[in-house]
Amino acid sequence: MSDRHISQHFETLAIHAGNTADPLTGAVVPPIYQVSTYKQDGVGGLRGGYEYSRSANPTRTALEENLAALEGGRRGLAFASGLAAEDTLLRTLLTPGDHVVIPNDAYGGTFRLFAKVATRWGVEWSVADTSDPAAVRAALTPRTKAVWVETPSNPLLGITDIAAVAQVAHAAGAKLVVDNTFATPYLQQPLALGADVVVHSLTKYMGGHSDVVGGALIVSDQALADELAYHQNAMGAVAGPFDSWLVLRGTKTLAVRMDRHSENATKIADMLTRHARVTSVLYPGLPEHPGHEVAAKQMKAFGGMVSFRVEGGEEAAVEVCNRAKVFTLGESLGGVESLIEHPGRMTHASVAGSLLEVPGDLVRLSVGIENADDLLEDLQQALG
């Protein structure tokens, strides 16, 4: 049965898309093709289209087919990291002198890529509150080629109306890029809402077990897919076969994990809103969140990321991080284990002094799939 004939229910696609049984042995899990080159059937006669594993590898192909199916796209491309995917995308879409609108709340590594790398290449950028389509429209210039969005955003959990901003971008002749790392395709499908490119750090929820680093781009337009594939091969920051296999294993359980992440995060957000030492809770599942209605419209659930601010300022926030026991103090997110961090000193240190600087009293949680009562008890003792 080809992938094209698989049921379109997400949970079934996650398990079967790209996961064709091995034709030699019948193995139900795709093999790890730990190989660099392939025997050709005569000069220029590629067997199955494979010649060199930078250009294509069967294990990576399986993952890329899986990713495309889950996001409802035509082509998925897997990379060595999320930033490798982003860099390849920028070099494909842009030339020196072009302009990009970036969000006022974004992953620190993405900001660093624009501010310290793309700028030196002659790419211009400006910051906008992407939760406000009018602000995005005002930030556009005649040279704008892309609008970059994270929703939910990192680390302030802001929400952008993807369909509305897609209209704004397309009216200006720009492409809409959506980083879907926090939501995953199980909770949100940007291509169906008008986005042109979906970006993932596969390191996070897609892998799901804190044991792999990877990135991905998924698109629906065949011409853009061909351009990206050319640059993927030309630049070479591809996902290795074992990394591809690990992510492919992770996507099979994405649906059940995201249900539990979201369930636990909702309980934690509710507790934090009632804690005397917490001054603000940032979680789109809360009715008082400014993006709640948009999130409810474009997401299946609200995800496993929660941020909150504490009374006492930066030192108090750092102390909460240090006192946690079940929550592990660490960067990254999206694994089965719960993580806690101080964005200002950790994941978002690179935005200090910029328009994207995050509050010093902010704590970010990646809520895992442990027993919720244990997580609640740990946060309560950490808050004191």
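Look up a bit, the structure's there.
Structural notes, computed from the coordinates. Small disclaimer: the values here were computed from a predicted structure and weren't measured.

Within the protein one finds 13 helices and 12 strands. Along the three orthogonal principal directions, the C-alpha set of the protein runs to about 70 × 50 × 35 Å. Sorting the 384 residues of the protein into buried and exposed places 53% on the buried side. Sequence separation of 24 or more characterises 71% of the internal contacts of the protein that already satisfy a separation of 6 or more. On the protein, roughly 15,700 Å² of surface is accessible, and the fraction owed to carbon and sulfur atoms is 54%.

This part takes up the packing of helix α10 (residues 254-273) against helix α13 (residues 372-383). In a packed pair of helices, the relevant descriptors are the angle between the two axes and the axis-to-axis distance. Packing of α10 against α13 brings their axes to within 10 Å, and their N-to-C directions diverge by 30°. When the axis of α10 is compared with that of α13, the two are roughly parallel. Judged by the twist between their axes, the crossing of α10 over α13 is right-handed. On α13, the residues that touch Asn264, Lys267, Ile268, Met271 and Leu272 of α10 are Ala372, Leu375, Leu376, Leu379, Gln380 and Leu383. Partitioned by chemical class, the residues of the contact of α10 with α13 number 8 nonpolar, 2 polar and 1 charged.

Of all 5 residues in strand β1 (residues 75-79), 4 are buried; the element is thus mostly enclosed. When β1 meets strand β7 (residues 215-219), the two strands line up antiparallel, connected through 5 bridges. Pairing of Gly76 across the sheet is with Ile218, part of β7.

Time to look at the sheet that holds strand β10 (residues 328-329). Taken together, 5 strands build an open sheet; the order of strands is β8-β9-β12-β11-β10 and the sheet is mixed. Of all strands in the sheet, those with a lone pairing partner are β8 (278-282) and β10, marking the two edges. The pairing of strand β9 (residues 305-310) with strand β12 (residues 362-366) spans 5 bridges and is antiparallel. In the sheet register, Ser307 faces β12, and the bridge partner there is Arg364.

Right, let's get into the pattern of salt bridges. Enumeration according to the criterion identifies 13 salt bridges in this entry. Residue Arg47 is joined to Asp41 by a salt bridge in which the shortest nitrogen-to-oxygen separation is 2.6 Å. Asp41 gets classed as partly exposed once you look at its relative accessible area, which sits at 45%. Taking the shortest distance from any N to any O, the salt bridge between Asp87 and Arg91 comes out at 3.2 Å. Note that Asp87 and Arg91 are positioned in helix α3 (residues 82-93) at a spacing of 4 residues, about one turn of the helix. Within this structure, Asp98, Arg143 and Lys145 form a network of salt bridges that share partners.

Right, let's get into the sheet that holds strand β6 (residues 197-201). An order of β1-β7-β6-β5-β4-β2-β3 is seen for the 7 strands of this open sheet, with the pairing classed as mixed. If you trace the sheet from one side to the other, it starts and ends with β1 and β3 (124-128), each paired once. Averaged over all pairs of adjacent strands, the angle between their axes in this sheet comes to 20°, without regard to strand direction. For strand β2 (residues 99-103) and strand β4 (residues 144-150), the ladder comprises 3 bridges, and the chain directions are parallel. Residue pairing in the sheet places His99 in a bridge with Thr144 of β4. The sheet strands contacting helix α2 (residues 58-71) are β1, β6 and β7, and the helix crosses β1 at an angle near 130°. Against the sheet, helix α8 (residues 222-235) engages β1, β5 (175-179), β6 and β7, with an angle of about 20° to β1.

Parameters and conventions
Residues numbered from 1 in each chain as written. Predicted model: local features only at pLDDT ≥ 70, side-chain atom pairs only at ≥ 80, totals over all residues. Heavy atoms only, no water. Helix = DSSP H or I, 4+ residues; strand = E, 2+ residues; numbered from the N terminus. Buried < 20%, exposed > 50% of the residue type's maximum accessible area, 1.4 Å probe, protein only. Contact = heavy atoms within 4.5 Å. Areas by Shrake-Rupley, 256 points an atom, 1.4 Å probe, with all protein chains shown as cover. Axes fitted to C-alpha atoms, helices over the stretch in contact; angles between N-to-C directions. Parallel < 35°, antiparallel > 145°, perpendicular 65-115°, else oblique. Left-handed = near helix turned anticlockwise from the far one by under 90°. Nonpolar A, V, L, I, M, F, W, Y, C, P; charged D, E, K, R; others polar. Pairing = 2+ DSSP bridges. Salt bridge = Lys/Arg side-chain N within 4 Å of Asp/Glu carboxyl O.

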